[in-house]
Amino acid sequence: MSLKILIVDDEVHLRTLLHQTLEDLEDEGVELHVATNGEEALAAIETLQPNLVFLDVMMPKLSGFDVCERAKKELGLSNVYIVLLTAKGQEFDRQRGVEVGADLYMTKPFDPDSLLMKARAVLGI
Amino acid sequence: MIRNSLKQILGAQNGLRPVIESLAQAMGAPIAVEDAAGGSLFGVAGGGERLSVAHEGKQLGWVSGLAGAEAVADLLRFMVAKEAERKALGTEVLHLYREVNLIYSFSEKLAALLDLERVAQLTLQEARHLIVATDGAILLLDEPSDALTSAAAFGDELPGVSGFARGKGIAGTVAATGVGEKVIGVIVLASTQPMAYEARELKLLNTLALQTATAIENARLFERTVQAGHERERLLALNQEAEVARAGYERELSLAATIQADLFPAQLPALPGYDLAARSRPARRCGGDYYDAIPIVSATDPDAVLLCVADVSGKGLPAALLMSHMQATLRALLGRTASLQELAGHAHDLLHGSTADNKYVTAALVKLDPATGRASYVSAGHINSLVVTRSGDVVPLGSTGAPLGLLPPGLPYDTTMIDLRPGDCLVLCSDGVPDAQNEAGDEFGEARLTAIDACAGVAPQFDDITLLVFRRLASIGCPS
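The structure presented is a predicted model; accordingly, all values stated were derived computationally and were not measured.

### A word on the overall build of chain A
Each helix and strand counted, chain A has five helices and five strands in total. Put simply, chain A runs from its N terminus to its C terminus through helices and strands in the order β-α-β-α-β-α-β-α-β-α. Here chain A, with 125 residues, has 38% of them falling under the buried criterion. Taking contacts inside chain A between residues at least 6 apart in sequence as the whole, the part at least 24 apart equals 63%.

Here is the structure:
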């Protein structure tokens, strides 16, 4: 089964930039998937069971926190590594992040090099 | 390199696949798209012209079909070009993201540094991540001399180079024309390869320079604070040393004072027919004055008594020791010498032989025969003693020789003979008495010996004061 990364952001630019940053991994057989909101993300997590999710926190309706909590607790997908993406300078509720079971949080604008490095580390490639 | 592939354009999440499907349907002929290696991306190749899809000279794939292949190829070429544009923009934005993050982490790292050199090194290190350079330096301006000295540098050209100065060369011109509140130095980045630096890089370097300037000022402030702390510690240590020395001196003084106190006679000998009183008050805790009254027990003078007031040179422990020496000498010689002048001569020789050249004692010595009131008087360089007669006349008694121990041995001492009649008084004192001054500096003088404290008032006593007075009483069988 191939390695999968799910990119979740409601902003098209961010999705594009995250995708572009991670594209190099496609040559190494990693599948990149994209979701544009919380519901889509939750459905994709359930069906794809990705190894790694980059999940925006601030999304309408279903926030990143909600998606993470449901994936980890309701769907029981504790082995999906979830990175919450939060805007730099914006107050981030770390406690909430811990409570919903997120594995890591990174700030936007993200550093492309560390994002890619993190993805490789999580996927073990 | 920007990735660009037909596979992506025709990927599951891209809207182009259904467009080509409907195009093929409309044309009524199958269309096939292959990637550069000939792998099928869409449809099945069924003959017709095989058209290339390339971008900037790079073969991306092929389109083939009996009809409509040209239109699909054009569409794919257009999409490839659009995708390339989008990715170029994306790359540019990601580059900016990288810069923003570098500047963020630079600020965080800077905030943790308080050492000027490390601040400069970190700044150059971060600058090299952002801007291509083979050489670089941070030169700090020395205000009074206008010299620019290197705080950190890298590359082959700049390290070790000195002689930068405000107004000289490129760095010097930047230092001279710099904008902002205050120029503290110059940051230099250079390339030995031909290099066209752009405004973007200038802006970045400006950002770094502004941040590093603040950090350098902080580091300097910190250094000054640390130095002030060290100075305080040093002064504290000095203070403690002084305190230890003072305590040592204090111990010495108290030892000297103890020695001295033991030298004064605990009790004056009873002298029937005479009133005898003596008192010594050192200016400081340990003085250089001495008085004594010793009965001379000898075959020739069974009742005689030696009275003495002396002033030894110096103060403190050395003076106390010299005084002890003087007392031992007097007592040793007492009864072994025929006359007072002989005693003085011997004492002089002994003191001279056993003390340093600068040590000496002035002394007023009186040998009294109480029964007759006859006394011999020797003054070894001592200040005048006084005979105050019953009628109130004052007769000064001058020096009869040099101070004991000062000049070479073998000096002669003269003797003055005195006849104390009933009611007469003999006053021996140290120079602290006539020299006692009040706040205005007026001396007490010999004439006012009885009211020293009234004269001095609250002015500090500056020399030891010693007074030995004895009076022949009028009532003991003497004609008035």
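There's more to say after this.
### Quick notes on the sheet that holds strand β17 (residues 425-429) of chain B
All names here are of chain B. Spatially, five strands are ordered β9-β18-β17-β14-β15 in an open sheet, and the strand pairing comes out antiparallel. Of all strands in the sheet, those bounded by a partner on one side alone are β9 (274-281) and β15 (394-397). Strand-to-strand twist of the sheet, defined as the mean angle between neighbouring strand axes without regard to direction, takes the value 15°. Pairing geometry for strand β14 (residues 385-388) and β17, over three bridges, is antiparallel. When the sheet's bridge partners are listed, Val-388 is paired in β17 with Cys-425.

### Thoughts on the nonpolar core
Residues and elements named next belong to chain B. Core analysis: the biggest nonpolar cluster contains 50 residues, and Leu-307 and Cys-308 have the highest contact counts within it. Of all the elements in the fold, those that place two or more residues in this core are β10 (289-295), β11 (305-312), α7 (316-333), α8 (340-354), β12 (361-369), β13 (374-380), β17 and β18 (465-472). The element that contributes the greatest number of residues to this core is β11, accounting for seven residues. Sequence-distant contacts of Cys-308, defined by excluding residues within four places in its chain, comprise Tyr-291, Asp-292, Leu-330, Ala-363, Ala-364 and Leu-365.

### Here's the deal with the sheet that holds strand β16 (residues 416-419) of chain B
Residues and elements named next belong to chain B. With antiparallel pairing, five strands are arranged side by side in an open sheet as β10-β11-β12-β13-β16. This sheet does not close on itself; its edge strands, each paired only once, are β10 and β16. Averaged over all pairs of adjacent strands, the angle between their axes in this sheet comes to 15°, without regard to strand direction. Bridge analysis of β10 against β11 gives seven bridges, and the strand direction is antiparallel. Note on β11: the bridge partner recorded for Tyr-291 is Val-309.

### What to know about the interface of chain A and chain B
Facing the eleven residues of chain A at the interface are ten residues of chain B. Secondary structure elements with two or more residues in the side of chain A that touches chain B: α1 (12-22) and α5 (112-123) of chain A. Ranked by residue count, the leading element in the side of chain A that touches chain B is α1 of chain A, at four residues. When grouped by side-chain class, the residues that make up the side of chain A that touches chain B number five nonpolar, three polar and three charged.

### Overview of the confidence of the model for chain B
All names here are of chain B. Here chain B shows a mean pLDDT of 85. Residues at 70 or above account for 90%. Ignoring residues within four places in sequence, the model shows residues 450-458, a span with pLDDT below 50, making 14 contacts including any to other chains. Residue range residues 476-480 is modelled with pLDDT below 50. Its contacts to residues more than four positions away, or to other chains, number six contacts. Model confidence for the complex: the whole-complex pTM is 0.56, and ipTM, which rates the interface, is 0.88.

### Some details on unusual backbone geometry
All names here are of chain A. Cis peptide bonds are those with omega within 30 degrees of zero, and the linkage from Lys-108 to Pro-109 qualifies with 0°. With respect to the element layout, Pro-109 can be found in the loop between β5 (104-108) and α5. If you check the backbone angles, Gln-49 has positive phi at about 45° while not being a glycine. In this structure, Gln-49 sits in the loop between α2 (38-48) and β3 (52-56). Backbone geometry places Lys-61, a non-glycine residue, at a positive phi of 60°. Tracing the sequence through the fold places Lys-61 in the loop between β3 and α3 (64-74). For Lys-61, a count of 9 C-beta atoms within 10 Å puts it in the exposed group.

### With respect to the environment of Asn-358 of chain B
Take Asn-358 of chain B: it is sitting in the loop between α8 and β12. In the structure, Asn-358 of chain B is positioned 48 residues away from Leu-406 of chain B in sequence and 7.0 Å away in space, judged by C-alpha atoms.

### Here's the deal with α2 of chain A
All names here are of chain A. If you check which residues of α2 are buried, you get Gly-38, Ala-41, Leu-42, Ala-44 and Ile-45. All buried residues of α2 project into a common sector of 165° when viewed along the axis, lining one side. Opposite the packed face of α2, turned more than 90 degrees from it, sit the exposed residues Ala-43 and Thr-47. Two residues or fewer past α2, Gln-49 is found with a positive phi of approximately 45°.

### Describing α1 of chain A
Those residues of α1 of chain A that fall on the buried side of the exposure criterion are Leu-17, Leu-18, His-19, Gln-20, Thr-21 and Leu-22 of chain A. Taken together, the buried residues of α1 of chain A touch β1 (4-8), β2 (31-35), β3 and α5 of chain A together with α3 (69-111) of chain B.

### Description of the packing of α7 of chain B against α8 of chain B
Residue and element names in this part refer to chain B. For the pair α7 and α8, interaxial distance at closest approach is 10 Å and the crossing angle is 140°. Compared by their axis directions, α7 and α8 come out oblique. Seen along the crossing, α7 lies across α8 with a hand that is right-handed. Mapping the contact onto sequence places His-325, Met-326, Thr-329, Leu-330 and Leu-333 in α7 and Leu-343, His-346, Ala-347, Leu-350, Leu-351 and Ser-354 in α8.

### A look at the pairing of β12 of chain B
Residue and element names in this part refer to chain B. Summarising burial for β12: eight of the nine residues are buried, a large majority. Looking at chain direction, β11 and β12 are connected through eight bridges and run antiparallel. The residue bridging Cys-308 from the neighbouring strand is Leu-365, located in β12. Note that β12 and β13 share six bridges and pair antiparallel. What sits directly across from Ala-364, in β13, is Ser-379. Counting the residues in the hairpin turn of β12 and β13 gives four residues, including Gly-373, whose phi is positive at 80°.

### Some words on the environment of Ala-375 of chain B
Residue and element names in this part refer to chain B. On the secondary structure map, Ala-375 appears in strand β13. Taking the C-beta count within 10 Å as the criterion, Ala-375 has 24 such neighbours and is therefore assigned buried. The spatial distance from the C-alpha of Ala-375 to the C-alpha of Met-417 is 5.9 Å, given a sequence separation of 42 residues. Aside from chain neighbours lying at most four places away, what touches Ala-375 is Val-366, Lys-367, Leu-368, Ile-418 and Leu-420.

Analysis parameters
- Residues numbered from 1 in each chain as written.
- Chains lettered and ligands numbered in written order.
- Predicted model: local features only at pLDDT ≥ 70, side-chain atom pairs only at ≥ 80, totals over all residues.
- Helix = DSSP H or I, 4+ residues; strand = E, 2+ residues; numbered from the N terminus.
- Buried ≥ 20, exposed ≤ 12 C-beta atoms within 10 Å, placed from the backbone.
- Contact = placed C-beta atoms within 7 Å.
- Pairing = 2+ DSSP bridges.
- Axes fitted to C-alpha atoms, helices over the stretch in contact; angles between N-to-C directions.
- Core = buried A, V, L, I, M, F, W, Y, C linked by C-beta atoms within 7 Å.
- Nonpolar A, V, L, I, M, F, W, Y, C, P; charged D, E, K, R; others polar.
- pLDDT = per-residue confidence, 0-100.
- Arc of directions from axis to C-beta.
- Parallel < 35°, antiparallel > 145°, perpendicular 65-115°, else oblique.
- Left-handed = near helix turned anticlockwise from the far one by under 90°.

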